[in-house]
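What the coordinates show
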Amino acid sequence: MSALIIDGKRIAGEIRAEVKQATDLLRSDAGIVPGLAFILVGEDPASRVYVRSKGKACDELGFHSVTEQLPAETSQQDLLTLIHRLNADPRIHGILVQLPLPPHIDAQTILEAIDYRKDVDGFHPQNVGRLVIGLPCLKPCTPSGVVELLVRSGYDPSGKHVVVVGRSNIVGKPVMNMLLQKQAGANAVVTIAHTGAGDIAHYTRQADIVVAAIGKPEAIDGSMLREGSIVIDVGINRIPDESSSRGYRLVGDVEFNSASKRAAAITPVPGGVGPMTIAMLMKNTLQAASSLR
Ligand code: GUN
């Protein structure tokens, strides 16, 4: 049996079309154009690619966007000053500081300086706390994308056992908190497996749905999955590949060939979760623009 491929590109396109429609209405009804500021510190090549594609998505939707590109040696104080200026800028509804930051800057201090109402990454403790107790908030984009992929593909997580592999603050913990909520599109039984678990396969073999967010290339293979499970691969890893003109290729945290022989459905890399993250960022920016009016 070969798994159905969950087309993240197509589903992200649907969401962007919905966001575009609502954005046009917000502009014609209230004269508001959603505005998103990107802050990029240093020269990390992957970060530059991500920020460029997020900026392109803004252009397509008619959002106002600015990219503040700062040198790697920028001081923490200068970065804080920039964030305070953007917090006060009425044309800016969302602020995204691309991670990772250089080691001399404390990322948590920076994230907490962002006005939580403009925190379109959903990383501010105010948004994290509200998510945990089920209050309206800005939610992290990749986890929201994971949930949307499941729901829009017809795999309602309600009552299902979801095993999330990875406990990061960006993916693992927020996806757990979203899927736990007693509401439509969630209501799952959630296990988090992580590096402290010993035998990860012991947990993944019990899953109806596996969310792989470990950050290690092809760490989960078909032998670690239950026949017929649903696999959402959050990983984006560059591995050297001489045959590619770029010198590398992208793989997920799941070994696609063996996994797709056991799973009922699986997301590809690229073209699965990646495009969803950007679509959800646009949705969050629209949400921030609508509620800051
Ligand atoms: N770097 C990797 N993932 C993310 C993300 O979701 N948001 C930000 N700001 N930086 C990242």
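Residues numbered from 1 in each chain as written. Predicted model: local features only at pLDDT ≥ 70, side-chain atom pairs only at ≥ 80, totals over all residues. Heavy atoms only, no water.

Some words on the overall build of the protein chain
Rule in force here: By the criteria applied, helices consist of DSSP H or I runs no shorter than four residues and strands consist of E runs no shorter than two, each listed in order from the N terminus. Within these notes, the globule rule equals 2.2 Å times the number of residues to the 0.38 power, and the radius of gyration is based on C-alpha atoms. Buried, partly exposed and exposed residues are distinguished by accessible area as a fraction of the type maximum, computed with a 1.4 Å probe on protein chains only: under 20%, between the cut-offs, and over 50%, respectively. Any two residues whose heavy atoms approach within 4.5 Å at even a single point are treated as in contact. A 1.4 Å probe and the Shrake-Rupley method give the accessible areas. Residues count as covered only by the protein chains that appear here. Within this scheme the basic residues Lys and Arg register as positive and the acidic residues Asp and Glu register as negative, but His and the chain ends are omitted. To locate a charge, take atom NZ for lysine, CZ for arginine, CG for aspartate or CD for glutamate.
A count of helices and strands for the protein chain gives 10 helices and 11 strands. What you see for the protein chain is a C-alpha radius of gyration of 19 Å, in line with the 19 Å of a compact globule of 293 residues. Here the C-alpha coordinates of the protein chain stretch approximately 55 × 45 × 35 Å along the principal axes. Counting all 293 residues of the protein chain, 49% fall into the buried class. Long-range pairs, those at least 24 residues apart, make up 70% of the contacts in the protein chain with a sequence separation of at least 6. As displayed, the protein chain has an accessible area near 13400 Å², and 53% of this comes from carbon and sulfur atoms. Here the protein chain carries 30 positive and 30 negative side-chain charges, and the mean point of each set is 4 Å from the other.

A word on the sheet that holds strand β6 (residues 189-193)
What holds strands together in a sheet is hydrogen bonding between their backbones, with the strands either parallel or antiparallel. Selection rule: Note: two strands are recorded as paired if DSSP finds a minimum of 2 bridges between them. Simply put, an axis is a line fit to the C-alpha atoms, just over the touching stretch for a helix, and the angle between two N-to-C directions goes from 0 to 180 degrees.
If you trace the six strands from one edge of the open sheet to the other, you get β1-β11-β8-β7-β5-β6, paired in parallel fashion. Of all strands in the sheet, those bounded by a partner on one side alone are β1 (4-5) and β6. In the sheet, β1 pairs with strand β11 (residues 265-266) via two bridges, with the strands oriented parallel. Bridging from a neighbouring strand, L4 pairs with A265 of β11. Its contacts with the sheet place helix α7 (residues 172-180) against β5 (161-165), β6 and β7 (209-212), and it is angled at close to 170° to β6.

Remarks on the sheet that holds strand β4 (residues 94-97)
With respect to topology, three strands assemble into an open sheet ordered β3-β2-β4, the strand pairing being parallel. Looking at the sheet topology across the chains shown, the edges are occupied by β3 (64-70) and β4. Averaged over all neighbouring strand pairs, the angle between strand axes comes to 15°, with direction disregarded. With seven bridges connecting them, strand β2 (residues 35-41) and β3 associate as parallel partners. Its bridge partner lying in β3, V41 is registered against L70. Those strands touched by helix α2 (residues 45-61) are β2, β3 and β4, and its axis lies near 170° from that of β2. In the packing of helix α10 (residues 273-291) onto the sheet, the strands contacted are β2 and β4, and the crossing angle to β2 comes to about 125°.

Let's talk about the environment of I114
Among the structural elements, I114 can be located in the loop between α4 (107-113) and α5 (125-132). Exposure remark for I114: the relative accessible area of 4% places this residue in the buried category. Separated by 32 residues in sequence, I114 and V146 have C-alpha atoms that sit 25 Å apart. Here I114 is in contact with I83, N87, I95, V97, D119 and H124, once residues within four sequence places are set aside.

A word on the layout of surface pockets
Gaps left between atoms show up when a probe the size of a water molecule is rolled over them. Worth spelling out the cut-off: A cavity here means a set of 1 Å grid points, computed over protein atoms only, where a 1.4 Å probe fits but cannot escape. A pocket is an open set with protein on both sides within 12 Å along at least 5 of 7 lines, and lining residues have an atom within 4 Å of a point. Grid points are joined across faces, edges and corners, and a volume is the space filled by probe spheres set on the points.
The volume enclosed by the second largest pocket comes to roughly 430 Å³. Around the second largest pocket, the lining is made up of 22 residues, and of these K139, S144, E148, M178 and Q183 lie nearest the centre.

Section: the environment of A259
Structurally, A259 is set in helix α9 (residues 256-262). Its relative accessible area of 0% is what places A259 among the buried residues. Taking C-alpha positions, A259 is 9.8 Å from E218, a pair spaced 41 residues apart along the chain. A259 has contacts with G222, L225, V254 and I266, leaving out every residue within four places of it along the chain.

Quick look at unusual backbone geometry
Of note, the bond from L99 into P100 is cis; its omega dihedral lies within 30 degrees of zero at 0°. Tracing the backbone through its elements, the reader meets P100 in the loop between β4 and α4. Put simply, V269 and P270 share a cis peptide bond, and its omega is -5°. Relative to the helices and strands, P270 is located in the loop between β11 and α10. Phi is positive for N187, close to 60°, though the residue is something other than glycine. Relative to the elements of secondary structure, N187 occurs in the loop between α7 and β6. Looking at N187, the relative accessible area reads 34%, which means it is partly exposed. Its identity is not glycine, yet E218 carries a phi of approximately 50°, on the positive side.

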